[in-house]
Amino acid sequence: MSAPIRTGASATEREEIAAAQRMHQLIARSLLVQAIFVASRLRIPDLLAGAARTAEELAEATGAQPAALHRLLRALTGLDVVTLDGDRFALTSLGRSLCSGPHSAAESAIFLGSPAVWSAWGALGDAVLDGQAAFRHAHGAGLFDYLSEHPDELLSFQALMSGQSRLQIPAVLAAYDFTSAQTVVDVGGGQGALLAALLAANPTARGVLCDVPEVVARSGPVLASVAPRCDVVPGDFFKAVPAGADTYVLKLVLHDWDDARAARILHNVRDVIIPGGHLIIIETVMPLGNEYHHAKFLDMNMLVLTEGGRERTEEEYRILLGEAGFTLARVVPTASPLSVVEAIPG
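Participant: In this structure, what is going on with the overall build of the protein? I would like to understand it.
Facilitator: On a plain count of helices and strands, the protein comes out with 18 helices and 10 strands. The dimensions of the protein, computed from C-alpha atoms along their principal axes, are 70 × 50 × 40 Å. Per-residue burial for the protein yields a buried fraction of 42% across its 346 residues. Counting contacts in the protein only where the partners sit at least 6 residues apart, residues at least 24 apart contribute 60% of the total. Charge separation in the protein, taken as the distance between the mean sites of 26 positive and 38 negative side-chain charges, equals 4 Å.

Below you can see the structure in the form of structure tokens.
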């Protein structure tokens, strides 16, 4: 609740009160992430995609309590997710981004707003005090071990990764020229969305998808269009990666790990890349300066979710790559928050 600024307040006091009011609003609005999560989990945006509906109609379709659902949707009008006209709610253009589809943001809301992740963020203070993952403080296990024991959350996580890839890949391919690549090994490439797009854009190249067995087992539909030019190799990138390629790609892999484990992955690539080859790291690069950048949120998310994972500056990548026998050649920004860090064997 905002308090009025009294008439007789000094300029300094008015400024302090205004700043406090902005901060109260920021804190309150951040809690509404849960409202977006609940609406996405109930697939409210899909139900509103065709026409406006009342809270009662939506409650009947979802099993929610009508009055409570009305209050949730009314709160979302303040975030420009829905509008309320009379007694009927309708989607805004922003709200349509939560509908099912190839560019949906719903999976982000469903995973990041889930009880497992939300409670881990609640342990951020513990992580700041001792440097250990907040997720482990909250759940007694690391994220990936936890996901392996909770298949529903694992599917949600994989859906989030796939959805983000569909948004990021066009920006990466538009910013970086892969046409000289002959054989591309996508290390930790998930189900192969990036590799499929890369091979589709480069019809003479061959590809190798490498990730853990339970992930690459689901790659068939994703790689179907390029299957004759693509091999799938289950493996552990901490132990070894497929050998003999000229191009190795690591997309959103290194930020999951501390420097020691990231260096181990890089050393494994350095051991097998051919002379004159290229290592392509696709990550957010932490900028200098005070402005907001998505990398600053992701860095906190790594502190919460991972065992030592972090976003790195260009200079930190230079040092990490040098220790693994690579030379940083250039950093190419993209239209997404990701950058392409190109390295060559040193």
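Here the narrative resumes.
Participant: Please explain the side chain of Asp211 as it appears in this structure.
Facilitator: Along the chain, the position of Asp211 falls in strand S5 (residues 206-211). Here Asp211 sits buried without a salt bridge, and the closest side chain of opposite charge, Arg218, lies 9.8 Å off (N-O distance). Within the structure, Asp211 has its side chain in polar contact with the backbone nitrogen of Gly190 (distance 2.8 Å). Other than its neighbours up to four places away in sequence, Asp211 contacts Gly188, Gly189, Gly190, Val216, Val233, Pro234 and Gly235.

Participant: Is there a simple way to think about the nonpolar core in this case?
Facilitator: Side chains of a nonpolar character, in soluble globular proteins, are inclined to be buried together. Within the largest apolar cluster, 29 residues are counted, with the highest numbers of intra-cluster contacts made by Tyr248, Leu250, Leu266, Leu279, Ile281 and Leu321. If you list the elements that add at least two residues to this core, you get strand S4 (183-187), strand S7 (247-251), helix H16 (259-272), strand S8 (278-283), helix H18 (314-323), strand S9 (326-333) and strand S10 (339-345). Take this core: its biggest share by element is 5 residues, from H16. In contact with Ile281, other than residues within four places in its own chain, are Leu250, Leu254, Leu266, Tyr317, Leu321, Ser339, Val340 and Val341.

Participant: Help me understand the sheet that holds strand S1 (residues 53-54), please; the structure alone is not making it clear to me.
Facilitator: To summarise the sheet geometry, strands pair through backbone hydrogen bonds and adopt either a parallel or an antiparallel arrangement. Taken in spatial order, the 3 strands make up an open sheet running S1-S3-S2, and their pairing is antiparallel. Lying at the two open borders of the sheet, with one neighbouring strand each, are S1 and strand S2 (82-85). In this sheet, strand S3 (residues 88-91) lies alongside S2 in antiparallel orientation, the contact comprising 4 bridges. When the bridges of S3 are listed, Val82 appears paired with Leu91. Sitting on the sheet, helix H5 (residues 66-77) is in contact with S2 and S3, with an inclination near 110 degrees to S2.

Participant: Explanation requested: the sheet that holds S4 in the structure shown.
Facilitator: The 7 strands are arranged S6-S5-S4-S7-S8-S10-S9 in an open sheet whose pairing can be described as mixed. With partners counted over all chains shown, the strands left at the sheet margins are strand S6 (230-234) and S9, one partner each. With direction set aside, neighbouring strand axes in the sheet form an average angle of 20 degrees. Judged from the 5 bridges that link them, S8 and S10 form a sheet pairing that is antiparallel. In the sheet register, Glu283 faces S10, and the bridge partner there is Ser339.

Participant: Explain the packing of helix H1 (residues 11-31) against helix H2 (residues 33-41) to me, please; I cannot follow it from the model alone.
Facilitator: How two helices sit against one another is set out by the angle between their axes and by the gap between those axes. Contact pair H1 / H2: the axes reach a minimum separation of 4 Å and the direction vectors enclose 20 degrees. Relative to H2, the element H1 lies roughly parallel. Residue-level contacts link Arg29, Ser30 and Leu31 of H1 to Val33, Gln34 and Ala35 of H2. In terms of residue class, the contact of H1 with H2 is made up of 3 nonpolar, 2 polar and 1 charged.

Participant: Just checking my understanding: could you explain the pattern of salt bridges for this structure?
Facilitator: Pairing between side chains of opposite charge can happen when the charged atoms of each approach one another. Enumeration over the complete set of coordinates arrives at 10 salt bridges. For Arg206, the salt bridge is made with Asp231, and the minimal N-O distance between the two is 4.0 Å. On the criterion of sequence distance, the pair formed by Arg206 in strand S5 and Asp231 in strand S6 is long-range, its members being 25 residues apart. Here Glu316 ties to Arg310 by a salt bridge, and the two come within 2.7 Å at their closest N and O atoms. Bridged by salt links that share partners, the residues Glu314, Glu315 and Arg318 form one connected network.

Participant: What exactly am I supposed to notice about the packing of aromatic side chains here?
Facilitator: What characterises a pair of aromatic rings is the spacing of the ring centres plus the angle enclosed by the ring planes. Evaluated as defined, the whole model comprises 8 aromatic pairs. With centroids separated by 6.2 Å and ring planes inclined at 0 degrees, the aromatic side chains of Trp121 and Phe297 adopt a geometry described as stacked. With Trp121 in helix H8 (residues 115-121) and Phe297 in helix H17 (residues 294-305), this residue pair connects regions lying 176 residues apart in the sequence. Residue classification places Trp121 among the partly exposed residues on the basis of a relative accessible area of 27%. By relative accessible area, which is 27% here, Phe297 ends up partly exposed. Ring geometry for Phe237 and Phe238: centres 5.0 Å apart, planes at 80 degrees, overall edge-to-face. Across the pair, Phe238 and Phe237 agree in class, each one buried.

Participant: Before we go on, may I ask you to explain the side chain of His255 in this structure?
Facilitator: With respect to the helices and strands, the residue His255 is situated in the loop between S7 and H16. Only 2.7 Å separates the side chain of His255 from the side chain of Glu311, close enough to count as a polar contact.

Participant: Got a minute to help me understand the pairing of S4 in this structure?
Facilitator: Each regular strand shows side chains that alternate between the opposite faces of the sheet. Of all 5 residues that make up S4, 4 are buried, and the element is covered over most of its length. Note that S4 and S5 share 5 bridges and pair parallel. Paired with Val187 across the two strands is Cys210, which belongs to S5. For the crossover from S4 across helix H13 (residues 193-201) to S5, the handedness is right-handed.

Analysis parameters
- Residues numbered from 1 in each chain as written.
- Predicted model: local features only at pLDDT ≥ 70, side-chain atom pairs only at ≥ 80, totals over all residues.
- Heavy atoms only, no water.
- Helix = DSSP H or I, 4+ residues; strand = E, 2+ residues; numbered from the N terminus.
- Buried < 20%, exposed > 50% of the residue type's maximum accessible area, 1.4 Å probe, protein only.
- Contact = heavy atoms within 4.5 Å.
- Lys, Arg positive; Asp, Glu negative; His and termini not counted.
- Charge placed at Lys NZ, Arg CZ, Asp CG, Glu CD.
- Salt bridge = Lys/Arg side-chain N within 4 Å of Asp/Glu carboxyl O.
- Polar contact = N/O pair within 3.5 Å; in protein donor to acceptor, adjacent residues only side chain to side chain.
- Core = buried A, V, L, I, M, F, W, Y, C linked by side-chain atoms within 4.5 Å.
- Pairing = 2+ DSSP bridges.
- Axes fitted to C-alpha atoms, helices over the stretch in contact; angles between N-to-C directions.
- Parallel < 35°, antiparallel > 145°, perpendicular 65-115°, else oblique.
- Nonpolar A, V, L, I, M, F, W, Y, C, P; charged D, E, K, R; others polar.
- Phe/Tyr/Trp six-rings, centres within 6.5 Å; stacked < 30°, edge-to-face > 60°.
- Right-handed = clockwise from strand over helix to strand, strands pointing away.

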